[in-house]
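Architecture at a glance
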Amino acid sequence: MTQNVLRTRVDHRAFVVPVVLLVLWAIASSLRLVDPHLLVPPATVAATLVQMLGGADYWSAVGSSLARVCGGFVLGGAAGLVVGVVLGVSRIAERIGAPTLHGARSVALFAWIPLLTAWFGDGEVAKVALIALAAFFPVALNTERGCRQVSNALLEVGRVLEFDRWTTVRRIILPAASRSIVTGLQLGLTTAWIGTIGAEYLVDQGTGIGIALSSARIDNRMDIILIYMLTLALMGLALNLIVRRNVVDD
Amino acid sequence: MNRRDVLTGAAGLLAIPRVALAAAPAPDVVRIGGVGYGYGKPYGEHVVAVMQDGRYLENELRGTKTRVEYRFYDRTGPAINEALAAGQLDFASYGELPQIIGKAGGLTTRIIANGGVSNIYVGVRTGVKAQSIRDLRGLRVTLQRGTILHQALDRLLAEAGMTENDIQLYDLPTSDQLAALTNGNADASVGVASLLTLRDQGIVRIIYSTAGKVTPDGINVFSVTSDFAGRYPETVHAVTRAFVRAAQWTADDRNREKVIDIWAKSGTPRNIIAEDLVGPLKPVDLPIIDDLFVSGLKVGVTFSLQNKLIRQPIDVNAWIDRTYLDAALQDLRLVSYWHPRPAPPSLATR
Amino acid sequence: MATRFASFVKPIAAQPGVCSVKRPSLRWWIDPRTIALGLLLPVTIVVAWSIAVRLEIMRPQILPSPLTVLATARDLFVGGELLAALGISLGRVVVGLAIGSLLGILVGIATGRSRTIDAYFGPTIRGICQIPTIAWLPFFMIVFGIGEGLKLALIAKASFLPLFVNTSAAMRAAPERFHEVADVLELDRWQRLRLVVLPAALPLVASGFRMGLSNAWHVLVVVEMVAAAAGVGHLMAWSRTLFQLDAVFVTIVVIGITGWAMDATMRLIESRLSPWTANA
């Protein structure tokens, strides 16, 4: 009985391609078809992986990145929520703020880095600021849309019950907009994560996965790069799982 | 007046700086920046690293509440300029070209000493047939634009009767140059001693180096922000004295091996540093501001203007502030310890 | 195109989660009052900025005055530097986007039409796509060096994902009813593809293409900041090295405007191509 449940949940065919690729990789590197710096033998990667997992550098890099994304996401997300609600609830605010918001959003995220480092140096502030910026826009935009699209019927109820503005927001608009808000937070977290890696890589000071990637490239260590890329893939998958779990079920 | 009085008087004179220091307004912390060599270590090279290691400044500032912090920046010039602008540094020892760029960009600094000289090397990929600068014609040359390396290359090209148009110039940071040379994407590179590690790996052959030559290239400058100098002049004096003391220790041949040890902490392999130091250190890593130094700076300004790195010229003489250096040399009785180097005649017209 | 199928195609094209932001109707910005209100915030920011510069809240070299920025913008524009850089950047985007989107569409069709292929390749592809594009930068740098190959590879990778996902979903989106209608009309495989599947897929693919373009532009900026000798990203990074923050400001604005213009144009094309798309 249990076996059937397990079998239906995991499609074994999914593993075929990765395994085949792994085998091809091993063959190609043992035949020295490609420069060993480029195509590091799987055995070397495995050995480096074991070494890294046992050392402190890897875990401190992962930990630092996680800490940063949390900090930046909280900052950016909170700001995004506030701005989103204000713009979504007040028509005047929307007219004033929306064009600027959309305009600022269209600037490629990492284009802000030179400005941030010029103002704040290459310490934590610039990196966290970028992450917050990354989280801010999706949260603000989706919150705004969600609040604005609250159906008139619901707003009618608020008027009938003579709610003041604040109560309307709290008890009608926010709950009705919750799905959009949650979507915004999910997008914000994903974008913040991308922003974290990018900011770390570009600012290149301190500890973190992006910084480790940068050092690995400078040292021409493809094995370290591959390991961190794998880490990111796994963390991305984990992020997806976390994010989906909180979705309001359709 | 007997001998004891004279001695007491002399001791008193020597103590004046200390006394003045103790009485002057003092900052909580003095932050000194230097060039990092890409290894992420909190150590550097040249006199500033010796100053850090020997705790010269801490000794000078004993009795005051001032702490000392050193920071070595991997992204060298640009990062140091940003730190100075953001108020995160008070003193810095780095290349003249980034300093020129920073100054032109609005940084208000004063040059107080010579930061030492970096040797410049030109290397070509093994397998590429080139023996001299002239053979670089048509080749793909990598270096980091806007650095003293760029300036040196232009001078070398001019001396060989060539210009940048005769080569293909690729603007890359040091780490990418390594990759480009290894993969065959570039034919030659201009760098500092770190290029020698590529030679040791068999990737490049060195065809030119300024080691042991007297050139206006590779100049490093030690400067202070005008802000800091205006507020804490006595501390600037203290820093300069510490700097000169460290330079004196560096110049002493008996300390040569220890100096190399200190610089090797920055991450650059020890044998490379040893090889890079052709001849005695005294005429090379000297703190004094002589004609060669000043002419080198002027060459740098001209170069920057020509290459549109800066938009207006800089008055080098107004930028230099010799008062601190002169006072330090006086106090430490080192006025004639170092020999000023004259500007090479070829620079007279620049 | 068979317009008689338009009424069937309409509902499926309104996929949730495809349009990320509500597209404003064209008439919105013509109203003078709206324009005035929209400009209020930017104008206030510029005024506050000028005051901050006057009061020297930050050193002038890291907070240049708006006038300096304007002057620099004019210089860069007139001097041709800006347009040349923009041209190079856009050229890279076009080529990279073409490669990436073509690959994305092909793979999307393959995984979308065949459950078997999707079962084998889908998870691996999706797993690889979890890795943020910027993390591919060091990898591609070692593989391709720092030439054009690097930029095109990254841009292609960035534009691949949205097109792959959307095309794949689009292939499976044509609901049963359409196929029933096609059966009734006894359409052969080719006609079915042309008259049913493709029109149904078009909105999603177009939207995927728009997202791919946006990704491509974002990635291009980063790559050029790090590993290029030309292009707007490089111009920005170089201005930063030269400590000319006014030029940095200008390039940021130009990057933003170009990105916005491309996005707006794509939306326009999208709406023309699929008139039946209901906007989210």
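Since the model is a prediction, treat every value here as computed from it, not as a measurement.

**Remarks on the overall build of chain B**
Check the secondary structure of chain B and you find 15 helices and 10 strands. Here the C-alpha atoms of chain B give a radius of gyration of 21 Å, agreeing with the 20 Å that 2.2 N^0.38 yields for 350 residues. With respect to the three principal axes, the spread of C-alpha positions in chain B is 75 × 45 × 40 Å. Relative to its full complement of 350 residues, chain B shows a buried share of 49%. Residue pairs in contact within chain B that sit at least 24 positions apart in sequence constitute 81% of those at least 6 positions apart.

**As for the overall build of chain A**
Counting secondary structure elements, chain A contains 11 helices and 0 strands. Counting from the amino terminus, chain A carries its helices and strands in the arrangement α-α-α-α-α-α-α-α-α-α-α. For 250 residues, the compact-globule formula gives about 18 Å, and the C-alpha radius of gyration of chain A, at 23 Å, lies well above that figure. When the backbone C-alpha atoms are referred to their principal axes, chain A occupies close to 75 × 60 × 30 Å. Taking all 250 residues of chain A together, 43% fall into the buried category. Across chain A, every contact between residues at least 6 apart in sequence was considered, and the portion connecting residues at least 24 apart equals 74%.

**Notes on the sheet that holds strand β3 (residues 91–95) of chain B**
Residue and element names in this part refer to chain B. Across the sheet, 5 strands lie side by side as β2-β1-β3-β10-β4; this open sheet has mixed pairing. Taken across any chain shown, the strands that pair with only one partner, and hence form the sheet edges, are β2 (67–73) and β4 (109–117). Pairs of neighbouring strands in the sheet enclose a mean axial angle of 20°, with direction left out of account. Across 7 bridges, strand β1 (residues 29–35) lies against β2 in parallel orientation. When the bridges of β2 are listed, G34 appears paired with F72. Here helix α2 (residues 46–53) sits on the sheet and contacts β1, β2, β3, β4 and β10 (219–225); the angle it forms with β4, its principal contact strand, is near 95°. Of the strands in this sheet, β3, β4 and β10 touch helix α5 (residues 96–104), which is tilted by about 120° from β3.

**Re the interface of chain C and chain A**
Listed per partner, the contact involves 44 residues of chain C and 42 residues of chain A. Among the secondary structure elements, those contributing two or more residues to the side of chain C that touches chain A are α2 (32–54), α5 (115–129), α6 (133–144), α9 (189–227), α10 (232–241) and α11 (245–273) of chain C. In terms of residue class, the side of chain C that touches chain A is made up of 33 nonpolar, 8 polar and 3 charged.

**Some points on the interface of chain A and chain B**
Interface size is often expressed as the accessible area that is lost when the parts come together. Facing the 8 residues of chain A at the interface are 9 residues of chain B. A total of 3 residues in the side of chain A that touches chain B trace back to one element, the largest contributor, which is helix α6 (residues 113–120) of chain A.

**As for the sheet that holds strand β7 (residues 168–171) of chain B**
Residue and element names in this part refer to chain B. Across the sheet, 5 strands lie side by side as β7-β6-β8-β5-β9; this open sheet has mixed pairing. Bordering the open sheet on either side are β7 and β9 (204–209), each of which pairs with just one other strand. Put simply, the sheet's adjacent strands are angled 25° from each other on average, direction ignored. Alignment of strand β5 (residues 121–125) against β9, held across 5 bridges, turns out to be antiparallel.

**Examining the confidence of the model for chain A**
With 93% of its residues at a pLDDT of 70 or more, chain A shows a mean pLDDT of 84. In the predicted structure, residues 1–8 of chain A sits below a pLDDT of 50 and forms 0 contacts with residues beyond four places in sequence or in another chain.

**Considerations on α5 of chain B**
Residues and elements named next belong to chain B. Summarising burial for α5: 9 of the 9 residues are buried, a large majority. Of the positions making up α5, those classed as buried are E96, L97, P98, Q99, I100, I101, G102, K103 and A104. Once α5 ends, the next one or two residues include G106, with phi positive near 115°.

**Here's the deal with the domain arrangement of chain B**
All names here are of chain B. According to the domain assignment, chain B consists of domain 1 (3–117 + 217–347) and domain 2 (121–209). Each of domain 1 and domain 2 has a C-alpha centre, and the two are 29 Å apart. Every element with two or more residues in the side of domain 1 that touches domain 2 is listed here: α5, α12 (270–276) and α13 (291–306). If you tally residues by element for the side of domain 1 that touches domain 2, the top one is α12, at 4 residues. Residues belonging to the side of domain 1 that touches domain 2 are distributed by class as follows: 9 nonpolar, 6 polar and 4 charged.

**Re the packing of α6 of chain A against helix α7 (residues 124–148) of chain A**
Residues and elements named next belong to chain A. Running from N to C, α6 and α7 point in directions that differ by 145°, and their axes come no closer than 8 Å. Both α6 and α7 take part in a crossing whose hand is right-handed. Across the interface between the two elements, I113, L116, T117 and F120 of α6 pack against V125, A126, A129 and L130 of α7. Considering only residue class, the contact of α6 with α7 consists of 7 nonpolar, 1 polar and no charged.

**Overview of the environment of V239 of chain B**
Residues and elements named next belong to chain B. Among the structural elements, V239 can be located in helix α10 (residues 233–251). Judged by the 29 C-beta atoms lying within 10 Å of it, V239 is buried. The spacing of V239 and D315 is 76 residues in sequence and 25 Å in space, taken between C-alpha atoms. Once residues lying within four places of it in the same chain are set aside, the contact partners of V239 are V30, L57 and F91.

**Quick word on the confidence of the model for chain B**
Mean pLDDT over chain B works out to 83, with 90% of the residues at or above the 70 mark. Among the prediction metrics, the complex's ipTM stands at 0.80, with pTM recorded as 0.78.

**Thoughts on the pairing of β7 of chain B**
Residues and elements named next belong to chain B. Relative to β7, strand β6 (residues 140–143) runs parallel, the two sharing 4 bridges. Each residue of the ladder has a partner; that of T142, found in β7, is Y170. Note that the unit made of β6, helix α6 (residues 148–159) and β7 has a crossover that is right-handed.

**A look at the packing of α2 of chain B against α10 of chain B**
Residue and element names in this part refer to chain B. The contact between α2 and α10 brings their axes to 8 Å, and the two run at 100°. What the angle tells us is that α2 and α10 run roughly perpendicular. Here V47, V50 and M51 of α2 lie close against α10, whose contacting residues are A242, F243, A246, A247, W249 and T250. Here the contact of α2 with α10 is built from residues that sort into 8 nonpolar, 1 polar and no charged.

**A word on the environment of I80 of chain B**
Residues and elements named next belong to chain B. The topology assignment puts I80 in helix α4 (residues 76–85). Judged by the 27 C-beta atoms lying within 10 Å of it, I80 is buried. Distance from I80 to G102, taken between C-alpha atoms, is 9.1 Å for residues 22 residues apart in sequence. In contact with I80, other than residues within four places in its own chain, are G33, Y73, L89, A92, Y94 and P98.

**Quick look at the pairing of β4 of chain B**
Residue and element names in this part refer to chain B. Of all 9 residues making up β4, 9 are buried, and the element is well covered by its neighbours. Direction of pairing for β4 relative to β10: antiparallel, over a ladder of 7 bridges. Within β10, the residue paired with G116 across the bridge is N220.

**Here's the deal with α10 of chain B**
The first and last C-alpha atoms of α10 of chain B sit 27 Å apart over 19 residues, in line with the 27 Å expected at 1.5 Å per residue. Among the 19 residues of α10 of chain B, 16 are classified as buried, and the element is accordingly described as predominantly covered.

**Observations regarding the environment of T190 of chain A**
Along the chain, T190 of chain A falls in helix α9 (residues 165–203). Placed 110 residues apart in sequence, T190 of chain A and G80 of chain A show a C-alpha to C-alpha distance of 15 Å.

Rules and cut-offs
Residues numbered from 1 in each chain as written. Chains lettered and ligands numbered in written order. Predicted model: local features only at pLDDT ≥ 70, side-chain atom pairs only at ≥ 80, totals over all residues. Helix = DSSP H or I, 4+ residues; strand = E, 2+ residues; numbered from the N terminus. Rg over C-alpha atoms; globule rule 2.2 N^0.38 Å. Buried ≥ 20, exposed ≤ 12 C-beta atoms within 10 Å, placed from the backbone. Contact = placed C-beta atoms within 7 Å. Pairing = 2+ DSSP bridges. Axes fitted to C-alpha atoms, helices over the stretch in contact; angles between N-to-C directions. Nonpolar A, V, L, I, M, F, W, Y, C, P; charged D, E, K, R; others polar. pLDDT = per-residue confidence, 0-100. Domains from an automatic or database assignment. Left-handed = near helix turned anticlockwise from the far one by under 90°. Right-handed = clockwise from strand over helix to strand, strands pointing away. Parallel < 35°, antiparallel > 145°, perpendicular 65-115°, else oblique. Expected span 1.5 Å × (residues − 1).

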